[in-house]
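Report on the structure
Each chain, written out:
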Amino acid sequence: MSKVRKIAFEEHYTGVGFKDYSKSFAQHIDPVVLADLAARLVDFDEVRLGEMDRAGIDYVILSQTGPGVQAEPDAAVALSRAKENNDFLVSQIARHPTRYGGFATLPMHDPRVAAVELERCVKQLGFKGALINGHTNGVYYDGRDYDPFWERVQELDVPIYLHPSDPYVVPQAYSGHPELVGASWGWGVETATHALRLLFGGVFDRYPGVKLILGHMGEGLPFQRWRFDSRFAVYSHGIKLARAPSEYLGSNIVITTSGVCSPPTLVAAIAEMGREAVMFSVDYPYESTALAAEFIEQTPMDDDTRNLICHGNARRLFKL
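Below, the structure is looked at part by part. (Residues numbered from 1 in each chain as written. Predicted model: local features only at pLDDT ≥ 70, side-chain atom pairs only at ≥ 80, totals over all residues. Heavy atoms only, no water.)

1. What about the side chain of T305?
By the secondary structure assignment, T305 is in helix 12 (residues 303-318). Owing to a relative accessible area of 6%, T305 belongs among the buried residues under this scheme. (Helix = DSSP H or I, 4+ residues; strand = E, 2+ residues; numbered from the N terminus. Buried < 20%, exposed > 50% of the residue type's maximum accessible area, 1.4 Å probe, protein only.)

See below:
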């Protein structure tokens, strides 16, 4: 068993009625692999807990696998399924309360409705925030009509994990190359772009207490911080921000290592973001828990930094 204690929070499950939402990206996965993933997504006991124990993961925050209700066209159905899913998750957490926490599933079709459900999940169900699977049927969350949602997020003082999804319209550049659309490339571009919309849309200026989490080593954004500042200062775009774009990365936007088990990339991300803005996660069951644990333990860094990334930062962010 690992000696380095860990907390992870891009760790997925699925609830009744949500399998159909996942067909859009599951169709590209080998059937044998998909069958194993499906079994792991509905397991909350021996298999999942056993992997956590062997990897030294004391606690995980569970989230509904994508795209979830973000892909539901009917707002009323999305709300109903989100509530059912959140109630289902809290019942599973209650069976292992020292090992599991929860991220809310939110129907983002209506920002005020989403804010109410987030508050219910945080105050009544004890959830640690929410994981949102990208845009909702092509709608992004930087517009002023979403201010009531971000205001509630700030009041509740919980983070929002922005998880990848397929683009609403597949770019022409991906034509003939389905391997570019999903997790290998397109998801990162889509999610990074959504996060930048929030940044340049002034969400973090209007609500400076909002914390946005990006997985997969920040979807590449940490490594463009310098260029964001350089080009933002040059182009005449009429956008005013309270700070340089790079300053929001590491403060309002924090990242996890999920799905990128590369020591040089982690070292660079810490250098760019600061050691208090980088946190361990696995992306279970889509990535290997054992490999993720080995990676975070063997990457060169001092013990204080490793402890922050493995569990200290998460304890602070989620008030554990």
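Picking up after the structure, the text goes on.
2. Notes on unusual backbone geometry
Of note, the bond from G66 into P67 is cis; its omega dihedral lies within 30 degrees of zero at -5°. Summarising the element assignment, P67 is placed in the loop between strand 2 (57-64) and helix 4 (75-93). In this structure, the amide linkage connecting Y284 to the following residue, P285, adopts the cis form with an omega of 0°. Tracing the chain through its elements places P285 in the loop between strand 8 (278-279) and helix 11 (289-298). Positive phi is not limited to glycine here, since E219 has a value of about 55°. Its place among the elements puts E219 in the loop between strand 6 (212-214) and helix 9 (225-234). By relative accessible area, which is 13% here, E219 ends up buried. In the Ramachandran plot, D283 falls in the positive-phi region, its phi being about 80° despite a non-glycine side chain.

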